[in-house]
Structure formats: C-alpha cells, structure tokens
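Listed below, chain by chain, are the residues.
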Amino acid sequence: MKIDTTTVQGGYKPKNGEPRVLPIYQSTTFKYDTAEQLGKLFDLEENGYFYSRLANPTVDCVEQKIAELEGGVACVLTSSGQSASMLSVLNICSSGDHIVSSTTIYGGTYNLFDVTLRRLGIETTFVDADAPVSELERAFKPNTRLVFGETLANPSLKVLDIEKFAKLAHSHGVPLIVDNTFPTPINCRPFEWGADIVTHSTTKYMEGHAQVIGGAIVDSGNFDWAASVKYPELTKPDESYHGLVYTEAFGRAAYAAKIRSQLIRDMGVAMTPNTAYILNLGLETLPLRMARHCDNADKVAEFLSNNDKIAWVNYPGLKYNTYYALAKKYMPNGTCGVISFGVKGGREVAAKFMEYLELAQIVTHVADARTCVLHPASTTHRQLSDEALKESGVLPDLIRLSVGIENPDDIIADLVQALDQI
Ligand SMILES: *Cc1c(COP(=O)(O)O)cnc(C)c1O
C-alpha cells in the first residue's frame with residue numbers, strides 16, 4: 001500500500017461483524033478464565049492484553065499504523081514526545097554511558113540531555129551537525145552508546161544530513177536515533193537513509209489539531225544489537241523477566257519490545273486509549289494536511305521574502321536557504337509549515353507586530369491546523385539578554401510562524417495588515 005492509503009487503512013483490521021472504525025477500548029484491564037493463562041502473559045510467553053499500561057488494543061492498532069508509515073518493525077506510543085525521547089535513550093544507556101547529539105534539537109530534548117540525563121550519569125557531547133566528519137569523530141568515546149539528531153530541527157529548521165550521521169554512528173558501532181516530528185513520515189523516511197530508531201512528538205502534525213499530547217518510538221529492526229557487546233541490557237538476561245533475553249525472544253523487534261515490557265512497565269509513561277483514538281483520526285488526514293501546510297508555507301515564505309519590513313526569512317523551501325539542497329534530498333515533497341523570520345526594528349517591533357496579528361494567534365504551540373506565532377525572545381527565552389539569545393541561535397527579532405491549513409490568501413492578508421501597522 002502507498003503511504004496515503006496506510007494513513008487511512010493501516011493498523012486496524014476489523015474481522016467479520018466487528019466495528020468498521022477503530023473503537024476506544026476504554027478499559028484498564030482484561031478478563032481471563034484461568035490464573036495460569038494470565039501468568040503466561042506476565043512472563044511474555046504469550047501475546048495478549050492484561051493491563052493498559054503495557055498494552056491496549058486501541059493503542060496497539062495506532063502503533064501498528066505508525067510502524068507501517070515509517071517502514072519499521074514495531075512502534076511504542078508514549079505519553080508525550082518528551083517521554084519518547086527519554087525512553088529512546090534510557091533503553092540502551094545507563095549511568096556511566098555517553099551519547100553524541102546534534103546541538104540543533106528541540107529545547108526540551110536539549111534540557112533532558114544536558115540537565116536531567118547528566119544528573120542520572122548519562123553524559124552528552126553536543127556537536128554542530130554541519131561540522132565535517134573528521135571533527136564529529138572526535139566526539140566519540142569508548143562508552144558512546146548512540147547518536148541523536150532531529151531530521152528538521154525545531155525551531156532552527158536546520159536539515160540533518162541523515163546519511164552522513166548514520167554512517168558516522170555505524171562506523172562507531174552505535175545506532176542513529178532521529179526525531180522526525182516536523183517532517184513526519186509523509187515528508188521524510190529516515191530508515192531509508194540509514195537511521196535505526198525514529199522518535200516523534202505526535203502532539204504536532206501527526207495528531208495535527210492541537211488536542212492531545214503524545215509520543216512515538218519506531219524501531220527499524222535494522223540495528224544488530226546481538227553483534228555488539230555494548231548493549232548487555234538487550235543481549236543478556238533480564239532478571240525482571242526470569243532471565244529473558246530480548247534479542248533472543250523478540251529478534252528484530254528487541255529494542256521496541258524492551259521499551260514496552262520493561263521501561264513503560266516501570267516508568268508508566270503509556271499513551272491512553274482515548275489519546276490514541278484522537279491521534280488516529282489525525283493520522284487519517286496527515287498526507288492531505290502536510291501537503292497543504294507545505295503549499296501554504298511556500299506562499300507565505302515567498303511573500304515575506306519580498307517584503308521591505310522583513311529583515312530575513314528562514315525556510316528550507318526557499319532556494320537561497322542554506323539547507324535547500326539537503327531538504328530537496330531528504331524531503332523532496334516539502335518540509336513542513338514552520339517558517340522563522342525577523343522584522344526590521346528588533347525585539348520591540350517584533351512583539352508589536354505579533355499583537356497586531358488577528359488570524360495568526362500567539363500560542364505556545366507549533367505544527368497544527370491553525371496558524372500561530374511565537375516570539376521566543378519575549379516568551380520561552382525571555383530571561384536571556386540579546387547577547388545570550390544570539391549565542392543560543394535565537395535572534396531577538398525571531399518570530400516563529402507555524403502556517404496552518406487555512407486559505408493562504410487569508411493568512412497573507414493577516415500578515416499584510418499587521419505589517420502595515422509597524
Ligand atoms: C514538541 C516537540 C517535542 C516534545 O514533545 P511533547 O509532545 O511536547 O512532549 C520533541 N521533539 C520535537 C521536535 C518537538 O517539536
């Protein structure tokens with residue numbers, strides 16, 4: 001099936017007489033005739049549902065759909081994008097281990113790595129993803145366990161050279177994990193370029209309507225954990241399952257199986273059936289929405305580029321953008337609806353301009369159906385001086401515009417009236 005069929009038909013396959021539409025299995029628990037049957041499920045000897053923290057039929061169907069969309073062998077849905085990033089690392093790293101991460105990743109992920117995981121004894125070396133391989137090589141240590149990057153970074157919109165990063169990771173015997181939230185599997189297929197694990201904040205385009213928080217981890221099944229001595233948690237007995245060995249019991253899906261049966265069990269960051277149901281509704285229209293977001297963003301970026309009051313525009317779909325060529329390679333059908341730009345006059349003028357916008361509303365969100373704006377210098381980054389802002393790559397006049405799926409003429413008209421007032 002083509003990807004835009006899978007978004008509609010994937011995952012849920014009703015049997016004779018069953019509901020045509022994926023039902024919400026609003027039940028924490030499942031009934032069995034004997035304690036022995038239930039015991040087999042607890043020991044992972046048999047497949048089945050017994051408690052919705054570990055598995056639920058609604059969540060399961062949406063996981064299967066997302067695995068198919070990314071071309072992976074398994075997917076685990078989580079309570080948020082943050083918990084997806086966290087588990088993707090904790091699954092193969094313990095205290096004393098080290099990871100290499102691109103600097104240009106989502107701010108929440110940066111904090112997770114730089115502060116919280118560091119406190120747990122997992123050290124991160126941040127690298128400039130655009131640096132030559134010879135320089136990137138120097139970040140690796142004997143205890144490096146993975147490489148992390150973002151296919152299209154939020155908010156910098158830098159495009160990761162996935163092939164280069166996959167080769168780099170593999171030459172050091174470790175997997176590449178990429179956050180594919182912004183382009184979604186509709187616009188970017190990281191496994192086809194060598195990435196091993198994909199994470200998502202489904203909160204953004206995947207659900208698409210700004211209604212539920214969620215995350216996903218997808219396993220390509222391609223990394224050979226058993227061939228390495230670096231991942232004893234996957235290749236040696238798990239005492240919490242009577243000595244089960246994940247690579248032996250689950251083969252290519254070992255990584256995903258361990259996340260679910262060990263980490264979600266212990267840490268409890270599961271997705272609820274209700275959230276999975278709403279996420280699934282969003283997925284059904286994902287290809288239509290992504291195409292519209294990209295078309296609209298193309299038009300808005302073109303408009304902003306030609307306006308006298310705009311200082312600069314950052315959008316990888318513009319020919320003069322530094323990442324235009326990489327975007328064309330990895331995201332040939334478009335990137336996503338997010339554009340960042342500066343208005344002439346700096347921080348104060350930027351804040352004023354945003355107040356004059358009517359259709360585009362000021363919210364702490366990005367990547368949903370409604371056009372919205374955020375001024376990091378006066379919100380998420382307001383404690384920083386102009387100098388400190390520049391160092392962190394967030395210019396004082398930077399406005400992040402998330403172009404929605406409304407009529408593009410109305411979005412541009414709103415920008416025009418606000419620009420007229422500054
Ligand atoms: C929002 C976001 C996250 C965090 O996801 P939540 O669902 O908000 O926890 C992670 N990565 C990227 C790229 C994001 O945009």
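The rules behind these values
Residues numbered from 1 in each chain as written. Predicted model: local features only at pLDDT ≥ 70, side-chain atom pairs only at ≥ 80, totals over all residues. Heavy atoms only, no water. Near = heavy atom within 4 Å. Polar contact = N/O pair within 3.5 Å; in protein donor to acceptor, adjacent residues only side chain to side chain. Domains from an automatic or database assignment. Contact = heavy atoms within 4.5 Å. Buried area = accessible area lost by both parts, 1.4 Å probe. Salt bridge = Lys/Arg side-chain N within 4 Å of Asp/Glu carboxyl O. Pairing = 2+ DSSP bridges. Helix = DSSP H or I, 4+ residues; strand = E, 2+ residues; numbered from the N terminus. Axes fitted to C-alpha atoms, helices over the stretch in contact; angles between N-to-C directions. Expected span 1.5 Å × (residues − 1). Bend = angle between axes of the 7 residues up to and from the residue. Buried < 20%, exposed > 50% of the residue type's maximum accessible area, 1.4 Å probe, protein only. 1 Å grid on protein atoms, 1.4 Å probe; cavity = no way out; pocket = protein on both sides within 12 Å on 5 of 7 lines; lining within 4 Å. Points joined across faces, edges and corners; volume = space filled by probe spheres on them. Nonpolar A, V, L, I, M, F, W, Y, C, P; charged D, E, K, R; others polar. Phe/Tyr/Trp six-rings, centres within 6.5 Å; stacked < 30°, edge-to-face > 60°.

### As for the site of the ligand
Next up, step 1: By nearness alone, 13 residues border the ligand, and Asn154, Asp179, Ser201, Thr203 and Lys204 come closest of all.
Next up, step 2: For the ligand, an oxygen atom lies 2.9 Å from a polar atom in the backbone of Gly81.
Next up, step 3: A distance of 2.7 Å is found between a nitrogen atom of the ligand and a side-chain nitrogen or oxygen belonging to Asp179.

### Structural notes on the domain arrangement of the protein chain
Next up, step 1: Taken domain by domain, the protein chain consists of domain 1 (3–281) and domain 2 (288–419).
Next up, step 2: At the interface, 29 residues of domain 1 touch 28 residues of domain 2.
Next up, step 3: Counting the surface lost from both domain 1 and domain 2, the interface buries some 2,400 Å², and carbon and sulfur atoms represent 61% of this.
Next up, step 4: Put simply, domain 1 and domain 2 have one salt bridge between them.

### Some remarks on the sheet that holds strand β5 (residues 176–179)
Next up, step 1: Overall, mixed pairing links the seven strands, which are arranged β1-β7-β6-β5-β4-β2-β3 in an open sheet. Two strands in the sheet have a free side with no partner beyond their single neighbour: β1 (74–78) and β3 (123–127). This sheet shows a mean twist of 20 degrees between the axes of neighbouring strands, independent of strand direction.
Next up, step 2: Against the sheet, helix α11 (residues 254–267) touches β1, β5, β6 (197–201) and β7 (215–219), its axis set at about 30 degrees to β1.

### Things to note about the sheet that holds strand β11 (residues 372–374)
Next up, step 1: Strand order across the open sheet formed by five strands is β8-β9-β12-β11-β10, with mixed pairing between neighbours. Where the open sheet ends on each side, the last strands, each with one partner, are β8 (310–314) and β10 (361–362).
Next up, step 2: As paired strands, β10 and β11 are joined by two bridges and run parallel to one another. Bridging from a neighbouring strand, Gln361 pairs with Cys372 of β11.

### A closer look at helix α5 (residues 107–119)
Next up, step 1: Look at α5: 17 Å from first C-alpha to last across 13 residues, which is about the 18 Å you get at 1.5 Å a residue.
Next up, step 2: The largest bend in α5 comes to about 30 degrees, at Phe113.
Next up, step 3: Of the residues making up α5, those classed as buried are Thr109, Leu112, Phe113 and Leu117.
Next up, step 4: Summarising the contacts, the buried residues of α5 are in contact with α4 (81–90), β2 (98–102), β3 and β4 (144–150).
Next up, step 5: Looking one or two residues past α5, Gly121 carries a phi angle of roughly 95 degrees, positive in sign.

### Focus: empty space enclosed by the protein
Next up, step 1: As enumerated under the stated definition, the model contains two cavities of 30 Å³ or more in all.
Next up, step 2: If you add up the space inside the largest cavity, you get close to 70 Å³.
Next up, step 3: Along the wall of the largest cavity there are 13 residues; nearest its centre are Arg53, Leu54, Glu63, Leu77 and Arg260.
Next up, step 4: In terms of residue class, the lining of the largest cavity is built from eight nonpolar, two polar and three charged.
Next up, step 5: Put simply, the second largest cavity is a space of about 50 Å³.
Next up, step 6: Looking at the lining of the second largest cavity residue by residue, the class counts come to four nonpolar, two polar and three charged.

### Thoughts on the packing of aromatic side chains
Given two aromatic rings, their pairing is described by the distance between the two centres and the angle made by the two planes.
Next up, step 1: Counted according to the given criterion, the structure contains twelve aromatic pairs.
Next up, step 2: Seen in terms of ring centroids, Phe223 and Tyr231 are 5.9 Å apart; in terms of plane orientation they differ by 90 degrees. Their pairing is edge-to-face.
Next up, step 3: Arranged with centres 6.1 Å apart and planes meeting at 80 degrees, the rings of Phe341 and Phe353 form a pair that is edge-to-face. In this pair, Phe341 is assigned in strand β9 (residues 338–343) and Phe353 in helix α15 (residues 346–356), connecting sequence segments twelve residues apart. You'll find Phe341 and Phe353 in the same group, each marked buried.
Next up, step 4: Each member of the aromatic cluster is reached from another via a ring pair, and the members are Phe223, Trp225, Tyr231 and Tyr255.

### Side note on the layout of surface pockets
Next up, step 1: Roughly 650 Å³ of internal volume is contained in the second largest pocket.
Next up, step 2: As for the second largest pocket, its lining consists of 25 residues, and the residues nearest its centre are Asn47, Ala55, Asp60, Phe250 and Arg260.
Next up, step 3: Going through the elements one at a time, α3 (57–70), β1 and α11 are the ones with two or more residues in the lining of the second largest pocket.
Next up, step 4: The residue inventory of the lining of the second largest pocket, partitioned by class, reads 17 nonpolar, four polar and four charged.

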